[in-house]
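Close look at the chain arrangement
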Amino acid sequence: MIPRTHPLRQTPAWQTELARAVTDPAELLKTLELDMGLLPAARRAAREFGLRVPRGFVARMRKGDPRDPLLLQVMPLAAECQAAPGFDTDPVGDRAAMAVPGLLHKYRGRVLLTVTGACAVHCRYCFRRHFPYSEANPAADQWRPALAYIAADDGIGEVILSGGDPLTLTDRRLGEFVAQLGAIPHVRRLRVHTRLPVVLPERVTAELLDWLSSTHLKTVVVVHANHANEVDAGVRAALLRLRTSGVTLLNQAVLLRGVNDCVRTLEELSLALFDAGVLPYYLHALDRVGGAAHFEVEEAAARALLAELSARLPGYLVPRLVRELPGAPAKMPLCL
Ligand SMILES: *Cc1c(COP(=O)(O)O)cnc(C)c1O
Ligand code: SF4
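Residues numbered from 1 in each chain as written. Chains lettered and ligands numbered in written order. Predicted model: local features only at pLDDT ≥ 70, side-chain atom pairs only at ≥ 80, totals over all residues. Heavy atoms only, no water.

1. A word on the nonpolar core
Side chains that are nonpolar tend, in soluble globular proteins, to be buried together. I150 and L242 are the most contacted members of the largest nonpolar core, which has 96 residues in total. Ranked by residues supplied to this core, first place goes to helix 13 (residues 263–275) with 5 residues. Each of domain 1 (13–81) and domain 2 (98–333) contributes no fewer than three residues to this core. When neighbours within four sequence positions are excluded, L242 is seen to be in contact with P197, V204, L208, L209, L212, V221, V247 and L249. The next biggest cluster of nonpolar side chains, apart from the first, holds 6 residues, and it includes V220, V222, L250 and Y281. (Core = buried A, V, L, I, M, F, W, Y, C linked by side-chain atoms within 4.5 Å. Buried < 20%, exposed > 50% of the residue type's maximum accessible area, 1.4 Å probe, protein only. Helix = DSSP H or I, 4+ residues; strand = E, 2+ residues; numbered from the N terminus. Domains from an automatic or database assignment. Contact = heavy atoms within 4.5 Å.)

2. Observations concerning the environment of R47
For R47, the location among the structural elements is in helix 3 (residues 39–48). In this structure R47 comes out as exposed when scored by relative accessible area, which is 67%. Distance in space between the C-alpha atoms of R47 and A292 is 15 Å, their sequence separation being 245 residues.

3. Points about the site of ligand 1
Every residue close to ligand 1 is listed here: L104, K106, Y107, R110, L112, I160, R191, Y281, Y282, E324 and K331. At 2.7 Å from an oxygen atom of ligand 1 is found a side-chain nitrogen or oxygen belonging to R191. One of the side-chain nitrogen or oxygen atoms of Y281 is found 2.7 Å away from an oxygen atom of ligand 1. Protein contacts shield 93% of the accessible area of ligand 1, which totals 390 Å² for the unbound molecule. Contributing elements (two or more residues each) for the shell around ligand 1: strand 2 (103–107), strand 3 (110–114) and strand 8 (279–284). Here the shell around ligand 1 takes 3 residues from strand 2, the largest share from any one element. Here the residues of the shell around ligand 1 sort into 6 nonpolar, no polar and 5 charged. (Near = heavy atom within 4 Å. Polar contact = N/O pair within 3.5 Å; in protein donor to acceptor, adjacent residues only side chain to side chain. Areas by Shrake-Rupley, 256 points an atom, 1.4 Å probe, with all protein chains shown as cover. Nonpolar A, V, L, I, M, F, W, Y, C, P; charged D, E, K, R; others polar.)

4. Thoughts on the packing of helix 9 (residues 171–182) against helix 11 (residues 206–214)
For any two helices packed against each other, the geometry is given by the interaxial angle and the distance between the axes. Close contact between helix 9 and helix 11 brings their axes to 10 Å; oriented N to C, the two are set at 0 degrees. On the basis of their axis angle, the class for helix 9 and helix 11 is roughly parallel. The segment helix 9 lies against helix 11, with D171, L174, G175 and V178 engaging E207, L208 and W211. In the contact of helix 9 with helix 11, the residues fall into 4 nonpolar, 1 polar and 2 charged. (Axes fitted to C-alpha atoms, helices over the stretch in contact; angles between N-to-C directions. Parallel < 35°, antiparallel > 145°, perpendicular 65-115°, else oblique.)

5. Remarks on the sheet that holds strand 3
Judged by pairing direction, the sheet is mixed, and its 10 strands sit side by side in the order 1-2-3-4-5-6-7-8-9-10 without closing on themselves. Edge positions in the open sheet fall to strand 1 (98–100) and strand 10 (332–333), since each of these has one partner strand only. Note: strand 6 (residues 218–224) against strand 7 (residues 248–254), 5 bridges, orientation parallel. The partner of V221 across the bridge, within strand 7, is L249. Running at roughly 165 degrees to strand 4 (residues 158–162), helix 9 makes contact with strand 3, strand 4 and strand 5 (189–193) of the sheet. (Pairing = 2+ DSSP bridges.)

Next comes the structure, spelled out in structure tokens:
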């Protein structure tokens, strides 16, 4: 007899998609019908921080356009290999703030857990591209020190799951962890920082909605999209499912030269997000991480963009423009 695989043992579709992500720059260039002359530089930059992009995200890029705003977020470029003064490997002081492995306690009342170093997509501007995840990631059963730290401080009302991308972990592990968090009386709010519903909407499974809606914690999911083209019909449907399960949905974006440093683009992003049930939260000024200098938008230009955006949209569709400064008590607003 041929043994049958039990249906419950099947790999979920999102894990298959995660594993099939494009990691070879040659494949990306070929799929998008781009100039193969870009390949040597891409390979060089990818040695420092590998290419990784889900196929569904690539499908939202325009063919033949090397300046496509989604492509620019993931494509390794020669510019990354040039050193730039002021851009270094730990721009936001995370190493100093790590209270126990995998736990950052920088701001009053909330802690951030880097529950995994893995991401579905490698964003070239990411401030964590140099982060020592192997030291910082509590493995499967090593969340105990973080849980003990949270349990011992009744000033901690909110726990943020971050990374990497926490939704690269399985729903079983996340569900168990959230149940343990929920048992700590002073923890009231759970926040999940994730790019997965945007780059790999298949991740929004019934199992995910189950643990999100079964916890008594008030839950906020902060997704990350930088351009309206990221929000296609599949993403919109996934976000609306999340929304219907009762979580508060917010978006954080990064202001990126060549991607979204234009008032029309920012306006379209806010409107596309709102159509999908998401409110804009932060628009981050770029963290000055080595290899990302070519994405920087000057602060005066960033402020001017926000002023124009405020003149076009209702207040609730205008994100807060902020910069993270090491040692500051909050993300610092870049006021007008
Ligand atoms: C950004 C961040 C937070 C969350 O800040 P909010 O202003 O509450 O969104 C919390 N902890 C750390 C370490 C952070 O970097
Ligand atoms: S998904 Fe988030 S943490 Fe991961 S590479 Fe992109 S910006 Fe960085």
